[in-house]
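Residue-level listing of the chains:
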Amino acid sequence: MERQLWRSILAAFREIGKPRFDPRSTFTVIEVVRVWFWAVIHDRPISWACERENWPIHERRQRLPSNATMSRRMRSHDVRSFLKEVEDRVLRSTSTACRTWFIDGKPLAISGCSKDKQATYGRATGGKAKGYKLHLIFGKDGTIGDWRMASMKDDEREIARRILRTTTIQGRLVADGNYDSNKLFDICDERGDIELIAPRRYGPGKGFGHRPQTAGRLRSKEILEDSDPRIAQQILDERVAIERFFGNLTNWGGGLACLPAWARTYRRVRRWVQAKLILNGLKRRKPQAT
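Because the structure is predicted, anything quoted here is derived from the model rather than measured. Sequence order as written defines the numbering, with residues in each chain counted from 1. Per-residue local features are limited, in this predicted model, to residues with pLDDT of at least 70; the limit for side-chain atom pairs, both in listing and counting, is 80 or more; totals at the level of whole chains, interfaces and linings are taken over all residues. As a convention, hydrogens and water are excluded, and side-chain values are obtained from all of the structure's heavy atoms.

Student: Go over helix H1 (residues 2–16), please, and point to the residues and values.
Tutor: Secondary structure elements follow DSSP: runs of H or I no shorter than four residues count as helices, runs of E no shorter than two count as strands, and numbering proceeds from the N terminus. Take the number of residues in a helix, subtract one, and multiply by 1.5 Å to get its expected span. Taking 1.5 Å of rise per residue, the 15 residues of H1 would be expected to cover 21 Å, and the 21 Å separating its terminal C-alpha atoms lies within 8% of that figure. Within the span of H1, buried status applies to Gln 4, Leu 5, Trp 6, Ser 8, Ile 9, Ala 11, Ala 12, Phe 13 and Ile 16. Only heavy atoms enter the contact rule, under which two residues are in contact if any of them lie within 4.5 Å. Its buried side turned inward, H1 meets helix H2 (29–41), helix H5 (77–91) and helix H11 (266–285). Of the residues flanking the end of H1, it is Gly 17, one or two places downstream, whose phi is positive at about 95°. Working definition: with a 1.4 Å probe on protein chains only, accessible area under 20% of the residue-type maximum means buried, over 50% means exposed, and in between means partly exposed.

Student: Now, about the packing of aromatic side chains: what can you tell me, with residues and values included?
Tutor: Two rings from Phe, Tyr or Trp (for Trp, the six-membered ring) form a pair when their centres are within 6.5 Å of each other. A pair whose planes differ by under 30 degrees is stacked, one over 60 is edge-to-face, and the rest are tilted. This structure, assessed with the given rule, holds 11 aromatic pairs. Where Trp 6 meets Trp 38, the ring centres are 4.9 Å apart and the plane angle is 75°; that geometry is what we call edge-to-face. Taken together, the residues Trp 6 in helix H1 and Trp 38 in helix H2 connect sequence positions 32 residues apart. Trp 6 sits in the buried class, given a relative accessible area of 8%. Overall, Trp 38 belongs to the buried group, its relative accessible area being 8%. With 6.0 Å between their ring centres and 65° between their planes, Phe 138 and Phe 246 make a pair best called edge-to-face.

Student: Pulling in residues and values, what's your account of the pattern of salt bridges?
Tutor: By salt bridge we mean one thing: a side-chain nitrogen of Lys or Arg within 4 Å of a carboxyl oxygen of Asp or Glu. As enumerated under the stated definition, the model contains 20 salt bridges in all. Lys 84 is paired through a salt bridge with Asp 88; the nearest N and O atoms lie 2.9 Å apart. Taken together, the positions of Lys 84 and Asp 88, both in helix H5 and 4 residues apart, correspond to about one turn of that helix. Where Lys 221 meets Asp 226, a salt bridge forms, and the shortest distance between an N and an O atom there is 3.1 Å. Counted as one network, the salt bridges with shared partners bring together Arg 172, Asp 189, Glu 195 and Arg 219.

Student: Tell me about the packing of H1 against H5, residues and numbers included.
Tutor: When two helices pack together, their arrangement is given by the angle between the helix axes and the distance between those axes. Working convention: axes come from line fits to C-alpha atoms, limited for helices to the stretch in contact. Angles between N-to-C directions cover 0 to 180 degrees. Where H1 contacts H5, the two axes come as close as 10 Å, and the packing angle between them is 105°. As summarised for this structure, H1 and H5 are arranged roughly perpendicular, according to the angle between their axes. Across the interface between the two elements, Ile 9, Ala 12, Phe 13, Glu 15 and Ile 16 from H1 touch Phe 82, Glu 85, Val 86, Arg 89 and Val 90 from H5. Partitioned by chemical class, the residues of the contact of H1 with H5 number 7 nonpolar, no polar and 3 charged. If an angle is under 35 degrees, it is roughly parallel; if it is over 145, roughly antiparallel; if it lies from 65 to 115, roughly perpendicular; otherwise it is oblique. Here the term charged refers only to Asp, Glu, Lys and Arg, the term nonpolar to Ala, Val, Leu, Ile, Met, Phe, Trp, Tyr, Cys and Pro, and the term polar to all other amino acids, Gly among them.

As structure tokens, this is what we get:
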């Protein structure tokens with residue numbers, strides 16, 4: 001698996017091409033990013049990938065930056081821009097073809113003993129946990145339309161509002177009852193190219209109260225409660241893809257199973273999650289070697 005992913009990531013680098021070389025830098029952007037992905041593929045810290053003995057014999061002649069150089073260069077604008085290009089190339093190359101999307105959050109819990117000041121307590125599976133949360137919009141075909149990293153305590157509806165204001169997806173967006181919010185429906189109505197479908201938080205048959213409701217929220221109620229029950233059930237059954245996607249994201253070696261001990265603070269966690277999403281996209285694009 002690691003060898004196949006490594007070949008896939010090198011192929012993705014070749015598709016993008018070499019970024020502009022800064023003569024003031026000892027190592028190119030490609031050399032820095034190669035070391036970074038070598039560590040991520042093997043679920044090791046960057047310091048491990050900076051040691052020559054941890055590379056295959058045919059790769060040991062290459063220059064390797066020090067751990068301090070990697071820490072500095074990974075924060076630089078040129079490296080971050082190149083990683084964004086790789087992300088767009090791998091994750092969003094076919095996003096315009098998908099018309100059915102899903103949105104949900106995945107908790108990324110860490111130990112309660114951690115001293116990470118940017119990690120907070122919030123709602124997670126089965127109760128509360130400390131850590132971060134990955135917010136994803138992904139298509140019925142598994143394509144990632146957009147994503148955000150946030151602290152565990154941040155409301156999923158607030159993060160969804162930030163995503164919907166900037167995302168380029170179009171079509172139907174299916175969510176669970178936690179996203180039943182007039183503000184979210186209002187953003188979708190203003191855009192005009194996204195139809196949000198979310199069951200009501202307090203269950204069907206309940207009233208809306210005396211406050212005015214957005215047209216999108218009333219339309220969602222009509223589709224899920226007042227139209228043909230088979231249509232509503234089909235839409236809700238499609239939400240099984242949410243759990244299937246998160247399962248496929250975590251159930252393979254090198255996947256986003258949990259946050260390792262060296263991925264702490266928002267900046268490092270976001271960078272780690274970005275790399276894992278890219279690897280998951282490459283795993284979907286490239287068949288595994290038999």
